[in-house]
Amino acid sequence: MTKDNKSFETFTFFGMALDPIHVGTGGTRLGRVDNTIIRDPVTRIPKIPGSSLAGVMRAYVAMRKENEAPDRKINGKPKPYYPDCAGQGGGDSGHCSQADCPVCTVFGFARGMDSDSGFAGLAGFSDMHVLLFPVASQLGPQWITSPMALRQTGIVEFSKLGDLPEQEVIYCKTDKEESVQSSLNLGWLFLPVKTDWNKLDNIIRKISTLCVPDYIVNHLGVVSDKLFAHIVNSNLEVRTSVAIDPATGAAEDKALFTYEALPRGTVLVWELTCRNPRHFKINKNDINDIMAVESPGAVKDVVAEAYPYLEHLGIGGMGSRGMGRLRVLNPSEKEGS
Ligand SMILES: [Zn+2]
């Protein structure tokens with residue numbers, strides 16, 4: 001089979017939180033926090049669901065298309081990419097479902113303008129997982145990861161990574177000045193430092209090829225999976241805010257609430273699976289070939305070209321409180337993995 005005939009390709013992206021990010025569970029109260037963030041049910045590590053990412057990326061691709069091609073008309077009637085193809089229009093202003101619409105072909109549509117059939121879309125988003133998590137220490141911020149977090153990058157080498165001995169230690173490199181440090185505090189937790197894990201150099205080298213900034217690569221530590229979950233959950237941002245009454249603009253009485261968030265500097269990893277447009281037809285009154293995109297790589301490009309919007313408009317809730325902006329570190333990712 002030639003490369004052009006692959007049924008799908010997968011692309012791995014890395015992003016860094018420029019603000020705290022809050023993707024909430026919708027108001028469940030956990031301990032002292034009113035608005036908790038979504039966690040993986042097994043590992044208890046916070047994550048951002050792929051559906052949340054797909055939702056904002058759909059809107060951002062539609063905004064981008066609207067900027068490029070304002071005043072689009074279909075059959076003589078105005079049919080703007082945004083908000084219609086973003087699915088944010090009201091009334092009968094739904095998805096256009098056209099074979100040449102990059103928003104509707106890449107993200108799918110509920111039903112066509114002139115047919116009842118829907119389309120699932122060519123792009124599939126994985127959940128966004130925490131890869132590197134920043135924690136304050138006496139040596140400044142350290143970015144923590146674990147074998148499990150590394151395996152989620154989909155990088156083949158990491159899939160062979162064995163487990164770390166279940167001791168409460170951190171494996172990290174220490175430079176000359178830091179070599180006197182035999183222990184490191186991560187928040188309130190003091191951990192003995194070890195530098196003798198033979199896979200550490202390889203991990204640091206690999207992370208440095210992932211477009212992760214040097215100041216992060218140079219302050220990297222690896223802990224066991226169990227300890228990682230513990231450290232992440234003990235070092236989330238918890239903020240307190242006041243609910244504002246929209247009618248009066250004043251603080252509501254007794255409306256103080258707390259919410260947690262992934263801290264600024266968290267590095268996330270996710271996969272974008274792009275199906276081959278040539279293997280699909282859009283079923284309307286007649287059967288249409290998809291014209292908006294030609295290959296899995298072109299599907300990826302439609303998504304990636306809208307990644308800069310994440311850096312400005314963000315993901316998740318509390319956007320009006322300066323939260324949620326995310327910089328994609330490798331937006332022009334070329335190779336599948
Ligand atoms: Zn459309």
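Conventions we followed
- Residues numbered from 1 in each chain as written.
- Predicted model: local features only at pLDDT ≥ 70, side-chain atom pairs only at ≥ 80, totals over all residues.
- Heavy atoms only, no water.
- Patch = residues over 30% accessible without salt bridge, like charges linked within 9 Å, V, L, I, M, F, W, Y side chains within 5 Å.
- Areas by Shrake-Rupley, 256 points an atom, 1.4 Å probe, with all protein chains shown as cover.
- Salt bridge = Lys/Arg side-chain N within 4 Å of Asp/Glu carboxyl O.
- Helix = DSSP H or I, 4+ residues; strand = E, 2+ residues; numbered from the N terminus.
- Buried < 20%, exposed > 50% of the residue type's maximum accessible area, 1.4 Å probe, protein only.
- Donors = N, O, S within 2.8 Å, 3.2 Å for Na, K, Ca; no water.
- Tetrahedral: all angles 85-135°; square planar, octahedral: opposite > 155°, others 65-115°.
- Polar contact = N/O pair within 3.5 Å; in protein donor to acceptor, adjacent residues only side chain to side chain.
- Pairing = 2+ DSSP bridges.
- Contact = heavy atoms within 4.5 Å.
- Phe/Tyr/Trp six-rings, centres within 6.5 Å; stacked < 30°, edge-to-face > 60°.

Draft legend 1. Here's a closer look at a nonpolar patch on the surface. Residues Val242, Ile244 and Leu256 make up a contiguous nonpolar surface patch of roughly 270 Å² in combined accessible area. On the secondary structure map, Val242 appears in strand 12 (residues 237-244). The class of Val242 is partly exposed, set by a relative accessible area of 33%.

Draft legend 2. Structural detail: the coordination of the zinc ion. Protein coordination at the zinc ion comes from Cys85 (SG), Cys96 (SG), Cys101 (SG) and Cys104 (SG), with a distance range of 2.3 Å. One can describe the site at the zinc ion as tetrahedral: its 4 donor atoms subtend angles covering 102 to 114° at the metal. Each donor residue of the zinc ion lies on the same chain, and together they follow the pattern C-x10-C-x4-C-x2-C. Owing to a relative accessible area of 0%, Cys96 belongs among the buried residues under this scheme. A residue is classified by how much of its surface remains accessible, and Cys101, at 0% relative accessible area, is buried.

Draft legend 3. Quick peek at the side chain of Asn276. With respect to the element layout, Asn276 can be found in the loop between strand 14 (267-275) and strand 15 (281-283). Within the structure, Asn276 has its side chain in polar contact with the backbone nitrogen of Arg278 (distance 3.0 Å).

Draft legend 4. Inspection of the pairing of strand 6 (residues 128-135) at higher detail. Among the 8 residues of strand 6, 8 are classified as buried, and the element is accordingly described as predominantly covered. Where strand 2 (residues 47-48) meets strand 6, 2 bridges bridge the pair, whose relative direction is antiparallel. The residue of strand 6 that forms the bridge with Lys47 is His129. Across 3 bridges, strand 6 lies against strand 14 in antiparallel orientation.

Draft legend 5. Examining unusual backbone geometry more closely. That bond from Tyr82 to Pro83 is cis: its omega, 5°, falls within 30 degrees of zero. The topology assignment puts Pro83 in helix 2 (residues 81-85). Positive phi, close to 60°, is recorded for Asp71, a residue that is not glycine. Structurally, Asp71 can be placed in the loop between helix 1 (50-68) and strand 3 (73-74). Under the relative-accessibility criterion, Asp71 is labelled exposed at 64%.

Draft legend 6. Inspection of the environment of Lys199 at higher detail. Relative to the assigned elements, Lys199 resides in the loop between strand 10 (189-194) and helix 6 (200-208). Judged by its relative accessible area of 33%, Lys199 falls in the partly exposed class. Taking the C-alpha atoms as reference points, Lys199 and Tyr171, 28 residues apart in sequence, are found 9.9 Å from one another. If we ignore the near neighbours within four places in the chain, the residues touching Lys199 are Leu161 and Gly162.

Draft legend 7. View of the pattern of salt bridges. If you walk through the whole model with that rule in mind, you get 14 salt bridges. A salt bridge links Asp19 to Arg325; the nearest nitrogen and oxygen atoms lie 2.7 Å apart. With a gap of 306 residues between them, Asp19 in the loop between strand 1 (8-17) and strand 2 and Arg325 in the loop between helix 10 (307-313) and strand 17 (326-328) connect regions that are remote in the sequence. A salt bridge links Glu237 to Arg239, with the nearest nitrogen and oxygen atoms 3.0 Å apart. It is possible to trace a salt-bridge network through shared partners that takes in Arg64, Lys65, Glu68 and Glu305.

Draft legend 8. Inspection of the packing of aromatic side chains at higher detail. The final tally for this structure, using the stated rule, is 9 aromatic pairs. Measuring from ring centre to ring centre gives 5.0 Å for Phe13 and Tyr307, while their planes differ by 70°; the resulting arrangement is edge-to-face. On the criterion of sequence distance, the pair formed by Phe13 in strand 1 and Tyr307 in helix 10 is long-range, its members being 294 residues apart. Judged by its relative accessible area of 0%, Phe13 is buried. Ring centres of Phe109 and Phe119 lie 6.0 Å apart, and the angle between their planes is 40°; on these two criteria the pair is classed as tilted.

Structural measurements only, silent on function.
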